[in-house]
Amino acid sequence: MICEATIDRIVELLKLTNSEVNCWQEWLVFSDIFYFLMKSGCIDFVDFVDKLVSRLTECDHHILRTNHVTWLLAQIIRVELVLNALNTDPRKMETTVKILSFHREDRSSDPNHPQSILLDYISSCQNLRIYSINTAIRDHTNNEQLQKGKQIDGWWRQVSKGERMMDYMSLDDRSIGMFWVVSYTMTQPACETVMNWLTSAGVTDYLPGPNVAPNERYTVLRETSPLPISLLSGLSIHLLCKLAQQMEESLFSSQVVPSIAMVETYARLMLIAPHSLFRSLFSHLAQRNPTLLSKPGVSLLAVEILNYRLLPLYRYQGKSKSLMYDVTKIISALKGKRGDHRLFRLAENLCMNLILSLRDFFLVKKEGKGPTEFTETLNRITISSLAIIIKTRGIAEADHMLLIQTMLEQILGNSQHTWSERTLRYYPALLREALIGRMDKRSLAIQAWQQVETTVINQCTQLFSPSADPTYFMTYIGHSFPQHRQHLCAGAWILMQGHPENINSANLARVLREFSPEEVTLNIYTMVDVLLHHIHVELQHGHSLQDLLLKACANLAFFMWTHELLPMDILLLALTDRDDDPYALHIVISLLDKQELQQRVKLFCMNRGPPEHWLYSGTFKRVELQKALGNHLSWKERYPTFFDDVAARLLPVIPLIIYRLIENDAMDPADRILDKYSSFLAYHPLRFTFVRDILAYFYAHLPGKLIVRILSVLDLSKIPFSESFPHHISSSNPAICPLPPPDYFAALLFGIVNNVIPPLNTNSKEISSTSLRSQHKSPPTSQSRLPNTSDGQKSFYQIQDPGTYTQLVLDTAVIEILSLPVSPSQIVSSLVQIVVHIQPTLIQSSNGLHSSPSNAILPNSPSGGSTDSMSAGRSTPSTSGVNTTNFVSRSGCTSQQLSCLLIQACGLLLAQLPLDFHSQLYMEASRLIKDSWWLTDGKRSKGELDSAVGYALLDPTWAAQDNTSTAIGNIVALLHSFFSNLPQEWLEGTHVIIKHLRPITSVAMLRIAFRIMGPLLLRLAGAHSLFNKTLQLLLNTMVDVFGRNSQPSIPVEASEIADLIDFLHHVVHYEGQGGPVQSNSKPRPEVLALCGRAAENLRPDIQHLLSHLKPDMSSSIYAATYPKMVQNSA
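Residues numbered from 1 in each chain as written. Predicted model: local features only at pLDDT ≥ 70, side-chain atom pairs only at ≥ 80, totals over all residues. Heavy atoms only, no water.

> Give me the overall build of the chain: which residues, what numbers.
Looking only at helices and strands, the chain features 59 helices and 2 strands. With 1130 residues in all, the chain has 59% of them scored as buried. Here the contacts in the chain between residues at least 6 apart in sequence split such that 78% fall between residues at least 24 apart. Put simply, the chain shows about 44700 Å² of open surface, and 51% of that area lies on carbon and sulfur atoms. (Helix = DSSP H or I, 4+ residues; strand = E, 2+ residues; numbered from the N terminus. Buried < 20%, exposed > 50% of the residue type's maximum accessible area, 1.4 Å probe, protein only. Contact = heavy atoms within 4.5 Å. Areas by Shrake-Rupley, 256 points an atom, 1.4 Å probe, with all protein chains shown as cover.)

So, in structure tokens, the structure goes:
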């Protein structure tokens, strides 16, 4: 299967290449995946070559016109499994000849373009490599390829002779192309020249700061420019692997501190080939040398790379959770260790980012048992992240639903925090119920402070007075009690009285550095509680609130940036989490408004370079250790920073503050802070996800002005928004903002069809070059044009958040929907109307394009098996108002195929939206079904209704083929698409649609109910509780029609629903087996009992059909065969 899919993709890319489309980026992306599959043993190389030759010679012989296939095979020629096949396989000679048969003489219109040069010389490169393996291929080579081999050698000797160094920053196109060629033939020399470039500036001594002895200086590589990503992207993957290994040796095993350029180049390698080169860094380093991570600086550098360069890569690979567990081990080992603050705080910040980057449920401990090893800060952030995940994406798996309580117990067992009512009102019900009853322990914290206040103030006076006894410092560190040490900062804050100069800041800094990181964190949370309590007390004594807040901010500024005594990210979070105090958020806003902090952030942005670091071609500047980390974190530290900065630690914090401000209805401050820090948030590695999630989390609660401000966090030019989207959100009066036209919503769906939904026909032979070419050319200007289809496929480094162009297009559509100033009911109605009328709309568009007969328009309702059912007495549904001519012509699909894809796209899009939209979908779908003319027409005969329901429930995929698609068929298909994309948790709401359809009074409507919910039962086989509820719902609909007291308008025999009984028989066995039914499958006892209770309310003839599913030994073979099941159910 993988082999065939790989060949399909190769053929697709060849056709795209032949259509004069520049798809080099697509080839690069595919080569990374191809290399990974081959290296991992997912593809048998000999079998692959055989099938590829067969495909290209027998079926698609006309499409191999370039050397792209030869280049692709040259990428993997050094993979061990490939080498073994070419060395030892009995068919090695045959395979080799087939490989050489792919060679083509590449003639490009631009012979000096790097890509053209590589493709021109790649046959020679491959020949040279194969010849080194098997000299018997000499007869299959020609003179031109040998001459090109000599040209490669000659070029390399010329550029590498003498002492001259290759300047990788000023290579012309031909030199870039030739260096790409060399990477396939002379990997080791090419690797050495790259490493020589990165070390060419020599070394220098680095003295971190005044507190470090001269003999503790480091030797550091001087800075050069990192290699451009445009150069790296064309190198052979084999060379990239060798470079990664060499750089890891220099980064983590050398006595010389690496340059930022080398670290940046290493990160770029990982981003260029996210599949081939990915390795879990901590595990990889431990395998190289188990003691490596204990070396000074190695852990620091590794965590910096992960936190500031590779975070999106780990999320893309699905390794964020495992990395979180690795980082948690570092945190656990350091949190109680005195004086080790720098690595701890950096690891804690990385863990914050990891927790907030997760998009599905996670356990806080890998083993899933025992209390969390997180800090108090991480426990609180975990709850916030979990709330965002559950509310915006749902809990995906049934198993996760069972584990949620365990996870909460792990977190809450080690957390003292209580969440405010304003925060909890936005939390999903699952979390709100678990958190709302927690006891607020702030009163206990204040009592503890009052008990030790006198002692602590006395200790602080001795420590921090200008004439403090120097010997008392060691006495305090060695002999003070923990309950006194945790109140040290609170005591210092009281002594300041709004005048920080009153205390000896040097002594305070010295004491805090001798504390463990855990003690510093506890001091921060305690100080916040004390200062807020102190404000309330002073207000009762008649002091001015404004003066008290000014003093509080002055004191906190002293702690955070005047003397840099405490980590400001933790302090801001501690204040933000006390949002139930009326003054906490005022203080946070005031601190964020202060020029000192904004200047610190601007300095970071200036020193850091552009947010898209992988495109930066200049020389990085190393910031002095003390300036980067501040006094508290840099004290006695020697190892230099690379990307770390105390300002950068605020990147995960600012979004959390925005959440809290919105929860407290502080919309204007949230708007102002986003405005002031928008350039800073450009450095947030996951800002696109932040925008998508915050719009979903607060849907229907955000003013239009704030929505526009949130969107401005993004680089709008790089997001595939619809052309008319800015117009729809820029209304000066949102209250009267009109609903966007149907064309707008249709454009969103067509964008998803083109970029997200897999095509109905996956055989590349059916894909026309015209349609492929049209997807890459710029579309004509139109209000409803497809969003940015000209972008094609992007490399991972270009789109690290959300990770793939497919996800970007889907999430962009979600962001657009969530930003529109119209109600969910209007949006859902517009989307459903498109689906209901999609076949006639597309057929009309197709007729206009191809001049087909006018009678091809599809009926919107079934014929009902009679000649008069299409009479004028039936109301004609309105058209959807969508102009789809452009879409049909550009899709490369027939109108029937496109209609099915659009239904799938609509279901997928709706499943990404908040629950507000789900309830509207259920209401709209049930309304359209109940209003169907043939269900409400009491004059129809039973035969007509049977025929009608048959047409109505025909899957649109089939129905579109013979023009029998119906509104109800489309709605049912839409619901199936919607259900299949919902997370497990959100399936709880699916019952609403049947409740809207009840009471059900006809077999026709009963069949519709079964058709809607039936497929869902199979998915719920692992979620017993929800399965039981859904089965009970369907059995109740049977009671509506066939109950003891039911009186249907048309008498119906029990045999009419024998197929529904068969379905119930199959589905209860499927659920009992937990998968496909086997010969020994059996229903669960709870299900037998449920069926038995429902059967009691049915007519006797229907009861007879269900007798085998009752817990009655006299009538049920299952009850008779498994008496223990009967006992359990009794």
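Now, onward.
> Which residues make up the side chain of threonine 1037, and what are the values?
Of note, threonine 1037 is situated in helix 54 (residues 1024–1042). When its relative accessible area of 0% is taken as the criterion, threonine 1037 is described as buried.

> How would you sum up the packing of helix 37 (residues 687–697) against helix 38 (residues 704–711)? Please name residues and give values.
A pair of packed helices is captured by two measures, namely the crossing angle of their axes and the spacing between those axes. Close contact between helix 37 and helix 38 brings their axes to 10 Å; oriented N to C, the two are set at 160°. For the element pair helix 37 / helix 38, the angle class is roughly antiparallel. For the pair helix 37 and helix 38, the crossing hand works out as left-handed. For the pair helix 37 and helix 38, the contacting residues are Val691, Ile694 and Leu695 in the first and Ile707, Ile710 and Leu711 in the second. Split into classes, the residues belonging to the contact of helix 37 with helix 38 amount to 6 nonpolar, no polar and no charged. (Axes fitted to C-alpha atoms, helices over the stretch in contact; angles between N-to-C directions. Parallel < 35°, antiparallel > 145°, perpendicular 65-115°, else oblique. Left-handed = near helix turned anticlockwise from the far one by under 90°. Nonpolar A, V, L, I, M, F, W, Y, C, P; charged D, E, K, R; others polar.)

> Break down the nonpolar core for me, with residues and values.
Formed by 384 residues in total, the largest nonpolar core has its most connected members in Phe48, Phe559 and Ile587. By residue number, the principal contributor to this core is helix 53 (residues 1003–1019), which donates 11 residues. When near neighbours in sequence (up to four residues on either side) are disregarded, isoleucine 587 contacts Leu531, Leu532, Ile535, Leu549, Ala552, Cys553, Leu556 and Leu575. (Core = buried A, V, L, I, M, F, W, Y, C linked by side-chain atoms within 4.5 Å.)

> Describe empty space enclosed by the protein, and please don't skip the residues or the numbers.
Rolling a probe over the atoms, with the probe sized like a water molecule, indicates the empty space that remains. This model, assessed by the stated rule, comprises 11 cavities of 30 Å³ or more. Roughly 240 Å³ of volume is contained in the largest cavity. As for the largest cavity, its lining consists of 16 residues, of which Leu356, Ile388, His684, Phe690 and Asp693 are closest to the centre. For the lining of the largest cavity, the elements supplying multiple residues, two or more each, are helix 18 (342–357), helix 19 (376–392), helix 34 (653–663) and helix 37. By residue class, the composition of the lining of the largest cavity is 10 nonpolar, 5 polar and 1 charged. (1 Å grid on protein atoms, 1.4 Å probe; cavity = no way out; pocket = protein on both sides within 12 Å on 5 of 7 lines; lining within 4 Å. Points joined across faces, edges and corners; volume = space filled by probe spheres on them.)

> Explain the packing of helix 31 (residues 584–593) against helix 34 residue by residue, including any values.
Here helix 31 crosses helix 34 at 135°, and the two axes come no closer than 12 Å. Considered as vectors, helix 31 and helix 34 are oriented oblique to each other. With respect to the hand of their crossing, helix 31 and helix 34 are arranged in left-handed fashion. Residues Leu585, Val588, Ile589 and Leu592 of helix 31 form the contact with helix 34, whose own contacting residues are Ile654, Ile657, Arg660 and Leu661. Along the lines of polarity and charge, the residues of the contact of helix 31 with helix 34 split into 7 nonpolar, no polar and 1 charged.

> Lay out helix 38 in plain terms, naming residues and giving numbers.
Helical geometry note: an α-helix holds 3.6 residues per turn, so side chains three or four residues apart project in the same direction. Among all positions in helix 38, only Leu706, Ile707, Ile710 and Leu711 are buried. Seen end-on, helix 38 carries its buried residues on one side only, within an arc spanning 140°. Elements in contact with the buried residues of helix 38: helix 34, helix 35 (667–676), helix 37, helix 39 (725–729) and helix 42 (805–819). (Arc of directions from axis to C-beta.)

> Any details on helix 30 (residues 568–576)? Residues and values, ideally.
Counting buried positions over the 9 residues of helix 30 gives 9, a clear majority of the element. Among all positions of helix 30, only Met568, Asp569, Ile570, Leu571, Leu572, Leu573, Ala574, Leu575 and Thr576 are buried.

> Residue-level account of the side chain of serine 634, with values.
By secondary structure assignment, the location of serine 634 is in helix 33 (residues 625–634). Apart from residues lying up to four places away in sequence, serine 634 is in contact with Leu625, Gln626 and Leu629.

> Describe in detail the pattern of salt bridges, supporting the description with residues and values.
Tallied over the entire structure, the rule returns 51 salt bridges. Of the charged contacts, one joins arginine 660 and aspartate 577 as a salt bridge, the two residues approaching to 2.9 Å between their closest N and O atoms. Placement of arginine 660 in helix 34 and of aspartate 577 in the loop between helix 30 and helix 31 is noted, with a sequence separation of 83 residues between them. Taking relative accessible area as the criterion, arginine 660 reaches 5% and is therefore assigned buried. Linking arginine 660 and aspartate 579 is a salt bridge whose minimum nitrogen-to-oxygen distance equals 3.8 Å. With arginine 660 in helix 34 and aspartate 579 in the loop between helix 30 and helix 31, this pair connects stretches of sequence that are 81 residues apart. With respect to class, arginine 660 is no different from aspartate 579; both count as buried. (Salt bridge = Lys/Arg side-chain N within 4 Å of Asp/Glu carboxyl O.)

> So what's going on with the confidence of the model for the chain? Which residues, and what values?
Low-pLDDT stretches of the model should not have their predicted coordinates read in fine detail. The share of residues in the chain with pLDDT of 70 or more is 85%, and the mean pLDDT across the chain is 86. With pLDDT under 50 throughout, residues 762–791 is counted as low confidence; its partners more than four residues away or in other chains account for 76 contacts. (pLDDT = per-residue confidence, 0-100.)

> Give me the lowdown on the packing of aromatic side chains, citing residues and values where you can.
Scanning all chains against the criterion turns up 29 aromatic pairs. By the ring-pair criterion, three or more aromatic residues cluster together here, those being Trp155, Trp156, Tyr168, Phe179 and Trp197. Its end group placed over the ring of phenylalanine 473, arginine 510 keeps NZ or CZ at 3.8 Å from the ring centre. (Phe/Tyr/Trp six-rings, centres within 6.5 Å; stacked < 30°, edge-to-face > 60°. Lys NZ or Arg CZ within 6 Å of the ring centre and 35° of its normal.)

> Run through unusual backbone geometry, naming residues and quoting values.
Excluding glycine, residues mostly carry a negative phi; peptide bonds, for their part, are mostly trans. Residue proline 802 is bonded to the preceding aspartate 801 through a cis peptide linkage, with omega at 15°. Among the secondary structure elements, proline 802 is positioned in the loop between helix 41 (769–776) and helix 42. In this chain, arginine 998 is followed by proline 999 through a cis amide linkage whose omega measures 0°. Within the secondary structure, proline 999 sits in the loop between helix 52 (991–997) and helix 53. The phi torsion at glutamate 564 lies on the positive side, around 50°, for a residue other than glycine. Positive phi outside glycine occurs at aspartate 665, with the angle close to 60°. Looking at the secondary structure, you find aspartate 665 in the loop between helix 34 and helix 35.

> Hey, could you go over the environment of phenylalanine 1063 for me, with residue numbers and the actual values?
Structurally, the position occupied by phenylalanine 1063 is in helix 55 (residues 1058–1073). Take phenylalanine 1063: its relative accessible area is 24%, and that puts it in the partly exposed class. In this structure the C-alpha to C-alpha distance between phenylalanine 1063 and glycine 1014, which are 49 residues apart in sequence, comes to 8.3 Å. Not counting residues up to four positions away in its chain, the partners in contact with phenylalanine 1063 are Phe1010, Gly1014 and Leu1017.

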